[in-house]
Amino acid sequence: MYIDNENFEKWMEKLSKKLSEIGKDLKSLINTDRVLDDNEKIFDNQDLAFLLKVSFRTLQRYRVSGVLPFFTIGKKTYYRAGDIRSFIRERADFQSYKQFEKGNQLENQP
């Protein structure tokens, strides 16, 4: 099999880009010890949108405005149960919060 210089350079460029992406993903995974506590429950966008009965766009607005803490691994966004509890406490009345907590088993989370 013969590979000319042009094809080889294109192939190497693709390989380099892919390795860079993998490196970024690994850095995200390595730093998760600062993100998660032991036994902490996390939610992704789909889970949280369903629980809060809001759209993905609404979650994005909350993230951009800084009212809902989040973290990403790769290209996926996650939320800590404790941050969600705090978010709801600040924005809902006590009865709504208790109903949410009971319905989603968040009362035993840190």
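Residues numbered from 1 in each chain as written. Predicted model: local features only at pLDDT ≥ 70, side-chain atom pairs only at ≥ 80, totals over all residues. Heavy atoms only, no water.

The name given to the protein in an unreviewed UniProt entry is Helix-turn-helix domain-containing protein, and the organism recorded there is Coprobacter tertius.

**So, the pattern of salt bridges**
Applicable threshold: What makes a salt bridge here is a side-chain nitrogen of Lys or Arg within 4 Å of a carboxyl oxygen of Asp or Glu, nothing more. Numbering of helices and strands runs from the N terminus; a helix is a DSSP stretch of H or I covering at least four residues, while a strand is a stretch of E covering at least two. Only protein chains enter the accessibility calculation, which uses a 1.4 Å probe; a residue whose area is less than 20% of its type maximum is buried, one above 50% is exposed, and one in between is partly exposed.
All chains considered together, the criterion is met by 6 salt bridges. As a salt-bridge pair, Lys 10 and Glu 6 come within 3.4 Å of each other at their nearest N and O atoms. Of this pair, Lys 10 and Glu 6 both sit in helix 1 (residues 5-30), 4 residues apart, which is roughly one turn of that helix. Of the residues examined, Lys 10 reaches a relative accessible area of 46% and is grouped as partly exposed. Residue Glu 21 is joined to Lys 18 by a salt bridge in which the shortest nitrogen-to-oxygen separation is 3.8 Å.

**A few points about the environment of Ser 86**
Relative to the elements of secondary structure, Ser 86 occurs in helix 4 (residues 81-91). Spatially, the C-alpha atom of Ser 86 lies 9.8 Å from that of Pro 69, the residues being 17 residues apart in sequence.

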